[in-house]
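Structure assessment
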Amino acid sequence: MQLREATPDDIPAIMAIYNDAVLHTTAIWNDTQVDAANRLAWMSQRQASHYPVLVADAGAEGIIGYASFGDWRAFDGYRHTVEHSVYVRADQRGNGIGKLLLEALIVRARDLGKHVMIAGIEAGNKPSIRLHERLGFNEVARMPQVGTKFGQWLDLVFLQLMLDHRTKPDLSVG
């Protein structure tokens, strides 16, 4: 398996993984599936911002996961903080792919001079929360019933990882 930058040829696999999560999980709080144009626009925007879109390419098995990060909030004061997403194909979950993708994202965020990485996770997704905690993320907020999917209220847990130990922001980053 190889982690690499996504290309437009990966869009069908990325779209399939995303849509499976929409249909079958609470990892994405959308009810509507996306099309290839949507995922291509998303990928192009991330890459234009110099943010990674990584895929886990298992050769003959195809793309088995993808990950990216983007701005946490769209205000200048948050330019040192990113929020990430990691999605693994349903038949590959629990095999360590998510960990590899997340570790690669952390390296990329540090390389870009980012200070904090945020994870927003549905509170019932214990495996994802445990993975993040093992990689050094700490829970910083729990917001009850802020979302809904599959006819139930969802709680949102925010975890964060401090990517460096700077005491002041680097004003040239961003």
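Residues numbered from 1 in each chain as written. Predicted model: local features only at pLDDT ≥ 70, side-chain atom pairs only at ≥ 80, totals over all residues. Heavy atoms only, no water.

Moving on: the overall build of the chain. Across its full length, the chain carries four helices and seven strands. Its helices and strands taken in sequence order, the chain reads β-α-α-β-β-β-α-β-α-β-β from the N to the C terminus. Over its C-alpha atoms the chain spans a radius of gyration of 16 Å, differing by no more than 12% from the 16 Å that the globule rule assigns to 174 residues. Put simply, the chain has 174 residues, and 43% of those count as buried. Across the chain, contacts joining residues at least 24 apart in sequence account for 63% of those joining residues at least 6 apart. Accessible surface computed for the chain: about 9300 Å², of which carbon and sulfur atoms make up 53%. (Helix = DSSP H or I, 4+ residues; strand = E, 2+ residues; numbered from the N terminus. Rg over C-alpha atoms; globule rule 2.2 N^0.38 Å. Buried < 20%, exposed > 50% of the residue type's maximum accessible area, 1.4 Å probe, protein only. Contact = heavy atoms within 4.5 Å. Areas by Shrake-Rupley, 256 points an atom, 1.4 Å probe, with all protein chains shown as cover.)

Moving on: the packing of helix H1 (residues 11–24) against helix H2 (residues 36–48). Put simply, H1 and H2 touch, their axes get as near as 9 Å, and they point 105° apart. By the angle between their axes, H1 is roughly perpendicular relative to H2. The residues of H2 that touch H1, namely those facing Ile11, Ile14, Met15 and Tyr18, are Ala36, Arg39, Leu40, Trp42 and Met43. Residue composition of the contact of H1 with H2, by class: eight nonpolar, no polar and one charged. (Axes fitted to C-alpha atoms, helices over the stretch in contact; angles between N-to-C directions. Parallel < 35°, antiparallel > 145°, perpendicular 65-115°, else oblique. Nonpolar A, V, L, I, M, F, W, Y, C, P; charged D, E, K, R; others polar.)

Moving on: the pattern of salt bridges. Tallying each qualifying case throughout the model produces eight salt bridges. Salt-bridge contacts for glutamate 139 lead to arginine 142; the nearest nitrogen and oxygen are separated by 3.0 Å. Residue classification places arginine 142 among the partly exposed residues on the basis of a relative accessible area of 42%. Among the charged side chains, a network of salt bridges with common partners joins Arg4, Asp10 and Asp57. (Salt bridge = Lys/Arg side-chain N within 4 Å of Asp/Glu carboxyl O.)

Okay, the packing of aromatic side chains next. To describe a pair of aromatic rings, one takes the distance between the centres and the angle between the planes. Across all of its chains, the model carries seven aromatic pairs by this definition. Consider the rings of tryptophan 72 and tyrosine 78, whose centres lie 5.3 Å apart with planes at 80°: the pair is edge-to-face. For tryptophan 72, a relative accessible area of 29% translates into the label partly exposed. On the numbers, 6.3 Å between centres and 55° between planes, the contact of phenylalanine 75 with tyrosine 78 is tilted. (Phe/Tyr/Trp six-rings, centres within 6.5 Å; stacked < 30°, edge-to-face > 60°.)

The next subject is a nonpolar patch on the surface. Nonpolar side chains collect at one region of the surface, where Met1, Leu3 and Leu100 lie side by side and expose about 250 Å² of accessible area between them. Given a relative accessible area of 37%, leucine 100 falls into the partly exposed group. (Patch = residues over 30% accessible without salt bridge, like charges linked within 9 Å, V, L, I, M, F, W, Y side chains within 5 Å.)

With respect to burial, strand E3 (residues 63–71) is a largely interior element, eight of its nine residues being buried. As judged from the five bridges shared by strand E2 (residues 53–57) and E3, these two strands associate in the antiparallel manner. Considered in E3, the bridge of valine 53 is made with serine 68. With antiparallel pairing between neighbouring strands as the criterion, E2 and E3 make up a hairpin whose turn holds five residues, including glycine 59 at a positive phi of roughly 65°. With seven bridges connecting them, E3 and strand E4 (residues 81–88) associate as antiparallel partners. (Pairing = 2+ DSSP bridges.)

Looking now at the pairing of E2. Across the five residues of E2, five count as buried, placing the element largely inside the fold. With burial as the criterion, each face of E2 is covered, one bearing Val53, Val55 and Asp57 and the other bearing Leu54 and Ala56. Pairing geometry for strand E1 (residues 2–5) and E2, over four bridges, is antiparallel. Residue pairing in the sheet places arginine 4 in a bridge with valine 55 of E2.

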